[in-house]
Amino acid sequence: MVDTEKKQVTVEAGILLTDLHPQLDKHGLALSNLGAVSDVTAGGVIGSGTHNTGIKHGILATQVVALTLLMADGTILECSESSNAEVFQAARVHLGCLGVVLTVTLQCVPQFHLQETTFPSTLKEVLDNLDSHLKKSEYFRFLWFPHSENVSVIYQDHTIKPPSSSANWFWDYAIGFYLLEFLLWISTFLPGLVGWINRFFFWLLFNGKKENCNLSHKIFTYECRFKQHVQDWAIPRPLPQVWVPSPLPPRAEGREKTKEALLELKAMLEANPKVVAHYPVEVRFTRGDDILLSPCFQRDSCYMNIIMYRPYGKDVPRLDYWLAYETIMKKVGGRPHWAKAHNCTRKDFEKMYPAFQRFCAIREKLDPTGMFLNAYLEKVFY
Ligand SMILES: Cc1cc2nc3c(=O)[nH]c(=O)nc-3n(C[C@H](O)[C@H](O)[C@H](O)COP(=O)(O)OP(=O)(O)OC[C@H]3O[C@@H](n4cnc5c(N)ncnc54)[C@H](O)[C@@H]3O)c2cc1C
Ligand SMILES: O=C1O[C@H]([C@@H](O)CO)C(O)=C1O
């Protein structure tokens, strides 16, 4: 149901975003931000804190203005900023443990087009100029290619240009998917090949400037192709100090943890040549929010998504990489993505989330018998 005046849409929680987009297109509306895939549901993306990039944009759940919840006792609760506000603050990253989300009301924006510009750079350049990249592009993110200095910078910004595409079956599929998957499979027998693959594919596919324009949801989402293991922790971005009366620009409080964490991950790989890492490390930036278990709770954040592909479904050794990354993420105050790999337990979450106890109290009140718990959630809450 669309409220054209408020530009809001109320949907069933089970709707796939791929089915929602054309409906919003019909009303000249759009969601202001999306994750890499839209074959996900409205209830699911707020179940695990799905995010994209954009330092002026929160995680997708910040686009939710209301939701209804079927609770363990069979009653239905309407939640929003103005009714059951405390439950609303918890339910926008609900982990599936507060009840069954029946409907979600989303704040939309007028339909818009994006221009995506991709160009090569180096890790040093990007890390030394992070704030300038963040100022230049609303939806800035970058991909670092482990075992190299190579970075692919991705800008996405509003445009009035007509749709255009640099898509090319040969380069995107024959090379970027089928040849890559075959070489990754070979590298499961010769791990030393991974560094070469990362550098070779950067040179082949990412070493030039590319431009695509289209409706926002067609630019935000992209084909993720391979089966994969991912970790994706959100680390705090220092908030700029209040403008001091001096000609100098506001200095960010605290250290720039993105640079520190990435350079430490790079140093670990250089010091341990037996540890291999598939490309890319996808680095995204998100505004802080007030959602109790959002990884961006009360802090602007930088998400660092590491990946290990499973070529033809084959599992690849990743434990050393995984553990080294988690150690670095914990050290810089990171919080893991609720839908992706992590080894954290309640003890970790109590330290990571200032409102963790508040969420637990709400969960225990809404579901006293633990009807909505599962093995994963028991690790989180017990
Ligand atoms: C290829 C791929 C790309 C991805 N890209 C991104 C990305 O760019 N950014 C990002 O942050 N994440 C990304 N993800 C992760 C993805 O956004 C999350 O896993 C998201 O939760 C998936 O939504 P879903 O509808 O499949 O959820 P499900 O897996 O179905 O559910 C997620 C959680 O919510 C609960 N839940 C779902 N619906 C309800 C409901 N109605 N009531 C109560 N509980 C419910 C489920 O029990 C589960 O706990 C990606 C995942 C894949 C597979
Ligand atoms: O889980 C995710 O999958 C994609 C990317 O890793 C696909 O390769 C992405 O951006 C996520 O956050």
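Nothing here was measured: the structure is a model prediction, and the numbers come from that model.

**Overview of empty space enclosed by the protein**
By rolling a water-sized probe across the atoms, one finds the places where empty space is left.
Reasoning step 1: Tallied over the entire structure, the rule returns two cavities of 30 Å³ or more.
Reasoning step 2: Counted as a void, the largest cavity has a volume near 60 Å³.
Reasoning step 3: The wall of the largest cavity is formed by Leu17, Leu31, Ala42, Val45, Ile46, Leu60, Ala61, Gln63 and Leu106.
Reasoning step 4: Looking at the lining of the largest cavity, its residues break down into eight nonpolar, one polar and no charged.
Reasoning step 5: In this structure, the second largest cavity encloses a volume near 40 Å³.
Reasoning step 6: Around the second largest cavity sit His21, Leu24, Asp25, Leu29, Ala30, Leu31, Leu34, Ser216 and His217, which together line it.
Reasoning step 7: Counting only elements with at least two residues in the lining of the second largest cavity, the list comes to helix H1 (17-26), strand S3 (29-30) and helix H8 (216-220).

**Focus on the nonpolar core**
Reasoning step 1: In terms of nonpolar packing, the biggest core is built from 98 residues, with Phe142, Met304, Tyr321 and Phe381 touching the most fellow members.
Reasoning step 2: Here this core takes six residues from helix H10 (residues 319-331), the largest share from any one element.
Reasoning step 3: Here Phe142 is in contact with Leu123, Val126, Leu127, Leu130, Val151, Ser152, Val153, Leu262, Val281, Glu282, Val283 and Phe285, once residues within four sequence places are set aside.

**Remarks on the sheet that holds strand S5 (residues 76-80)**
Reasoning step 1: Pairing in this open sheet of five strands is antiparallel, and the strands run S1-S2-S6-S4-S5 from one edge to the other. Looking at strand neighbours, the two that pair on one side only are strand S1 (2-3) and S5, the edges of this open sheet.
Reasoning step 2: Across two bridges, S1 lies against strand S2 (residues 8-12) in antiparallel orientation. Across the sheet, the residue bridging to Asp3 is Gln8, located in S2.

**Let's talk about the site of ligand 2**
Reasoning step 1: Residues in contact with ligand 2, as listed here, are Ala36, Tyr222, Cys224, Gln228, Val230, Glu282, Arg284, Asn305, Ile307 and Lys340.
Reasoning step 2: Separating an oxygen atom of ligand 2 from a side-chain N or O atom of Tyr222 is a distance of 3.0 Å.
Reasoning step 3: Those elements giving two or more residues to the shell around ligand 2 turn out to be strand S12 (228-236), strand S13 (281-286) and strand S14 (301-309).
Reasoning step 4: Looking at the shell around ligand 2 residue by residue, the classes come out as five nonpolar, two polar and three charged.

**Comments concerning the confidence of the model for the chain**
Reasoning step 1: Per-residue pLDDT for the chain has a mean of 94; in total, 96% of the residues score no lower than 70.
Reasoning step 2: Contacts of residues 241-253 to residues separated by more than four positions or lying in other chains number 13 contacts, the stretch itself having pLDDT below 50.
Reasoning step 3: Overall fold confidence (pTM) sits at 0.95, and the ipTM for the predicted complex is 0.98.

**A look at unusual backbone geometry**
Reasoning step 1: Looking along the chain, the bond that leaves Tyr279 and enters Pro280 is cis, with omega of -5°.
Reasoning step 2: Residue position: Pro280 is located in the loop between helix H9 (257-271) and S13.
Reasoning step 3: One non-glycine residue, Asn84, adopts positive backbone phi at about 50°.
Reasoning step 4: Relative to the helices and strands, Asn84 is located in the loop between S5 and helix H3 (85-91).
Reasoning step 5: Here the phi dihedral of Leu95 falls at roughly 55°; this positive angle occurs in a residue that is not glycine.
Reasoning step 6: Relative to the elements of secondary structure, Leu95 occurs in the loop between H3 and strand S6 (100-107).
Reasoning step 7: Judged by relative accessible area, which is 12%, Leu95 ranks as buried.

**Brief notes about the sheet that holds S14**
Reasoning step 1: Ordered by their spatial adjacency, eight strands build an open sheet running S11-S8-S10-S9-S13-S14-S12-S15, and the pairing between neighbours is antiparallel. Edge positions in the sheet fall to strand S11 (210-215) and strand S15 (335-336), since each has one partner strand and no second.
Reasoning step 2: The pairing of strand S8 (residues 113-122) with strand S10 (residues 150-159) spans 10 bridges and is antiparallel. When the bridges of S10 are listed, Glu116 appears paired with Gln156.

**Quick notes on the side chain of Ser294**
Reasoning step 1: Its place among the elements puts Ser294 in the loop between S13 and S14.
Reasoning step 2: The exposure class of Ser294 is buried, given its relative accessible area of 0%.
Reasoning step 3: Contacts of Ser294, omitting those with residues within four sequence positions, involve Ile59, Val93, Asp289, Arg335 and Tyr353.

How each quantity is defined
- Residues numbered from 1 in each chain as written.
- Chains lettered and ligands numbered in written order.
- Predicted model: local features only at pLDDT ≥ 70, side-chain atom pairs only at ≥ 80, totals over all residues.
- Heavy atoms only, no water.
- 1 Å grid on protein atoms, 1.4 Å probe; cavity = no way out; pocket = protein on both sides within 12 Å on 5 of 7 lines; lining within 4 Å.
- Points joined across faces, edges and corners; volume = space filled by probe spheres on them.
- Nonpolar A, V, L, I, M, F, W, Y, C, P; charged D, E, K, R; others polar.
- Helix = DSSP H or I, 4+ residues; strand = E, 2+ residues; numbered from the N terminus.
- Core = buried A, V, L, I, M, F, W, Y, C linked by side-chain atoms within 4.5 Å.
- Buried < 20%, exposed > 50% of the residue type's maximum accessible area, 1.4 Å probe, protein only.
- Contact = heavy atoms within 4.5 Å.
- Pairing = 2+ DSSP bridges.
- Near = heavy atom within 4 Å.
- Polar contact = N/O pair within 3.5 Å; in protein donor to acceptor, adjacent residues only side chain to side chain.
- pLDDT = per-residue confidence, 0-100.

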